[in-house]
Amino acid sequence: MDTDTTEATEDHADESAFGPVGVIGAGAMGAGIAQVAATAGHDVTLVDAVPGAAASAVEKVGAALSRLVDKGRLSADDAAAVLARITPVESLDELPECGLVIEAVPEDLDLKRRIFADLADRQPPTTVLATNTSSIDIDDIAADVSDPERTLGLHFFNPPPVMKLVEVVHGSRTARAYVEHVTALMSAWGKTPVRCSSTPGFIVNRVARPFYGEAQRIVESGVADAATVDWALREKGGFPMGPLELTDFIGQDVNLAVGTSVWEQTGRDERYAPTAFQRDLVEAGRLGRKTGSGVYAYAADGSVTGAEPDLGLAERLVGGPIATDPLARTLAMLVNEAVDLVARGEASADDVDTAMRLGTRYPKGPIAWGREIGFDVVARQVAELDEAYPGGRYRPSPALTDGSIS
Ligand SMILES: NC(=O)c1ccc[n+]([C@@H]2O[C@H](COP(=O)([O-])OP(=O)(O)OC[C@H]3O[C@@H](n4cnc5c(N)ncnc54)[C@H](O)[C@@H]3O)[C@@H](O)[C@H]2O)c1
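Conventions we followed
- Residues numbered from 1 in each chain as written.
- Predicted model: local features only at pLDDT ≥ 70, side-chain atom pairs only at ≥ 80, totals over all residues.
- Heavy atoms only, no water.
- Near = heavy atom within 4 Å.
- Polar contact = N/O pair within 3.5 Å; in protein donor to acceptor, adjacent residues only side chain to side chain.
- Areas by Shrake-Rupley, 256 points an atom, 1.4 Å probe, with all protein chains shown as cover.
- Helix = DSSP H or I, 4+ residues; strand = E, 2+ residues; numbered from the N terminus.
- Nonpolar A, V, L, I, M, F, W, Y, C, P; charged D, E, K, R; others polar.
- Patch = residues over 30% accessible without salt bridge, like charges linked within 9 Å, V, L, I, M, F, W, Y side chains within 5 Å.
- Salt bridge = Lys/Arg side-chain N within 4 Å of Asp/Glu carboxyl O.
- Buried < 20%, exposed > 50% of the residue type's maximum accessible area, 1.4 Å probe, protein only.
- Phe/Tyr/Trp six-rings, centres within 6.5 Å; stacked < 30°, edge-to-face > 60°.

Caption draft 1: Representation of the site of the ligand. What surrounds the ligand is a group of 22 residues, the closest being Met29, Asp48, Glu107, Lys112 and Ser134. Between the ligand and Asp48, the relevant distance is 2.6 Å, taken from an oxygen atom to a side-chain nitrogen or oxygen of the residue. Contact distances for the ligand include 3.0 Å between an oxygen atom and a side-chain N or O atom of Asn132. The protein chains hide 71% of the 830 Å² of surface that the ligand would expose on its own. Broken down by secondary-structure element, the contributors of at least two residues to the shell around the ligand are α2 (28-39), α5 (109-122) and β6 (151-156). Class assignment for the residues of the shell around the ligand results in 12 nonpolar, seven polar and three charged.

Caption draft 2: Structural context of a nonpolar patch on the surface. On the surface, Phe249, Ile250 and Val254 cluster together into a nonpolar patch covering about 260 Å² of accessible area. The topology assignment puts Val254 in helix α12 (residues 252-265). Given a relative accessible area of 37%, Val254 falls into the partly exposed group.

Caption draft 3: Structural view of the packing of aromatic side chains. Summed over all chains, the structure comprises six aromatic pairs. Centre to centre, the rings of Phe239 and Tyr362 are 5.1 Å apart; their planes meet at 85°, and the pair counts as edge-to-face. A residue pair is termed long-range when its members are at least 10 positions apart, and Phe239 in the loop between α10 (226-236) and α11 (243-250) and Tyr362 in the loop between α16 (349-360) and α17 (366-373) qualify at 123 residues. Comparing Phe239 with Tyr362, the two get one shared label, buried. Here the aromatic residues Phe211, Tyr212, Phe239, Tyr362 and Trp369 are joined through ring pairs into a cluster of three or more.

Structural measurements only, silent on function.
What follows is the structure, encoded as structure tokens:
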């Protein structure tokens, strides 16, 4: 990020100067983002190309605000005022001049690229154009924008009114001033912004890859069953959910798509290669809770059937050799991934830790965890894993031992 603009500094010196906000796409994310922006005091125009979709999204926002009123967290007057600030429309023709436009249409590069080019033509040159993409490169989305310094990613987490984390993602041509002002704006909206470059998966979806991948590989190789691995990560590691039950919750298809996207964007780096275990689940239609079976089978009431952890096995594996220790192996790879991201200058150590604690509810940030374990110990563990499982997946980041992270 080496560009800068004086316009950005002058026009957005105070975050309230962003004025009206446009949100494009009134689905799960767009409706929630509109609610957040309107709650922060902005006039919001919510655009959806499907007739009636924006209006029904505003109704849903109204219902969400009513629930907050019922819980005593918002006054009825404030809820009415927030709702009155959101205007649903069905075309970009009806979008007024905005200080910030956030695009939240489906994850399709051509569609997003077209919308960005259209917005750049219609909006004043100082309007910041943001995308809520989870995985697409910001430069690619901004490819047809003649002044891409005003484009960036604003990656909200689901549901936006509840989740505090927002990744503020800069493309290679994004102006530093816009990143700073939008970061300040997110804080003013009550969010916790972290900054990162447009690296595949950004922070959360990148650093979390080994959390799923190691567990899948341990089960795939027959070292332990899913329930035992999940138990070890939950009970011994303090993670709120085990990795395998979490993939059932997210949806195996969704989790595989994110992993595959990171793998493709990194030139099919072995470190992110999807597992046969997960591909087989998806091919078999075992997508997780939503289909009644995934890694686990679920009863009608949502409880897991027929999967008990082998506690004796878990106790033997945790603290044993790294190659078969589900917890130490996962932590080593999480620390390695996080350190690598920081060493390459994609994000700061503090932002990586904040993002992982808030975005995935890990009990500790991976950099802090690495400090506790010892970065030199992690380097040895990853090297041992490479010996046990050669092929390029286990590559200790040079930053673990060169003193660049402490
Ligand atoms: N759902 C999540 O958990 C989540 C989390 C973070 C980021 N994201 C990202 O946010 C974006 C939106 O995701 P979502 O889950 O809200 O999708 P969604 O499918 O629920 O909503 C997308 C909306 O965009 C509308 N739309 C399609 N084409 C349009 C156009 N040309 N103009 C205006 N509106 C149009 C659709 O009618 C739909 O209402 C995606 O890029 C996704 O990757 C999703």
